[in-house]
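In case you want the letters, here they are:
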Amino acid sequence: SDDSSSGSSAKILKAPRIVRSMRIFKILRLMKFSHRIRNSVDYFDEYWKTVYKMVRIVCGTIFFLHLNACGFCLVAELQSDDDNWLSPFEASSWGYKYLIGFYWAATTVTTVGYGDISATTYVEMGYLSFVLVAGVIFYALLIGCITDIVTHVGHVHSRVETRMEEVEVFIRKN
């Protein structure tokens, strides 16, 4: 009878251990779930980093086009020759001339080049040659950066989908 009572008391002493180990498993699962939530927050952090990169690319492109537009206008203004690309717009305001220069820079850098505004003097042709080379390099870098961003976004999106599926499975189990 002592053996049976000592066996049952041993079982009673082991019961709190089992309960504690079950609590530890629950805590571990909660820690794992907390890690998943933290990773989801990291996704939103990645999202804003991507938006920031895109804004930087747009601002950098506008600045590059601005520099080229100002340079093209300046080359024409500094020439004593009356037959330059700005001659047809002589009566126009400086803002309108800048807008035409910006339009020229955008069509030149993107390699569209409609041909409606073109260099007429040798100095303008030299500047245009420089802008063409710089524009092609800039355009190639721009396409590479955008491709990198789009690829990175796709990778982050697939990681988030996988984590969300894991969270859904976790919620269903608990």
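Refer to the structure presented above.
Conventions adopted
Throughout, a residue's number is its position along its own chain's written sequence, starting from 1. Selection of residues for local features in this predicted model requires a pLDDT of at least 70, selection of side-chain atom pairs for listing and counting requires 80 or more, and totals for whole chains, interfaces and linings are taken over all residues. By convention in this description, side-chain values take in all heavy atoms of the structure and omit both hydrogens and water. For helices the rule is a DSSP run of H or I covering at least 4 residues; for strands it is a run of E covering at least 2, with both sets numbered from the N terminus onward. For every residue, the accessible area (1.4 Å probe, protein chains only) is compared with the maximum for its type, and the residue is labelled buried under 20%, exposed over 50%, or partly exposed between those bounds. By definition in these notes, contact holds between two residues if any of their heavy atoms fall within 4.5 Å. Accessibility throughout is a Shrake-Rupley quantity obtained with a 1.4 Å probe, and a residue counts as covered only by protein chains that appear here. Salt bridges are defined as contacts in which a side-chain nitrogen from Lys or Arg sits within 4 Å of a carboxyl oxygen from Asp or Glu. Every helix has an expected span of 1.5 Å times one less than the residues it contains. By nonpolar core is meant a set of buried Ala, Val, Leu, Ile, Met, Phe, Trp, Tyr and Cys residues that side-chain atoms within 4.5 Å join together.

**Q** Sorry if this is basic, but what is going on with the overall build of the protein here?
**A** Summing up its helical and strand segments, the protein has 3 helices and 0 strands in all. Listed N to C, the secondary structure of the protein is α-α-α in terms of helices and strands. Burial analysis of the protein (174 residues in total) assigns 25% to the buried set. Here the analysis covers contacts within the protein between residues at least 6 apart in sequence; of these, 73% occur between residues at least 24 apart. Of the roughly 12,400 Å² of accessible surface on the protein, 67% is carried by carbon and sulfur atoms.

**Q** Even after reading the chapter, I still don't get the pattern of salt bridges, so can you show me in this structure?
**A** Where side chains of opposite charge bring their charged atoms close, a pairing between them can arise. Tallied over the entire structure, the rule returns 1 salt bridge. A salt bridge links Glu77 to Lys97; the shortest N-O distance between them is 3.8 Å. Taken together, the residues span a long stretch of sequence, with Glu77 in helix H1 (residues 2-78) and Lys97 in helix H2 (residues 94-109) at a distance of 20 residues. For Glu77, a relative accessible area of 41% corresponds to the partly exposed category. When its relative accessible area of 7% is taken as the criterion, Lys97 is described as buried.

**Q** Explain H2 to me, please; I cannot follow it from the model alone.
**A** Spacing of three or four residues puts side chains on the same side of an α-helix, whose turn is 3.6 residues. Relative to the 22 Å expected for 16 residues at 1.5 Å per residue, H2 spans 22 Å between its end C-alpha atoms, a close match to the ideal helical length. Directly beyond the C-terminal end of H2, a positive phi value near 65 degrees is found at Thr111.

**Q** What am I meant to see in the nonpolar core here?
**A** Most often, soluble globular proteins keep nonpolar side chains buried together rather than apart. Phe72, Trp85, Trp104, Ile117 and Tyr127 are the most contacted members of the largest nonpolar core, which has 21 residues in total. Only H1, H2 and helix H3 (122-173) provide two or more residues apiece to this core. By residue number, the principal contributor to this core is H1, which donates 8 residues. Discounting chain neighbours no more than four positions away, the residues touching Ile117 are Phe72, Trp85, Ile100, Tyr103 and Trp104.

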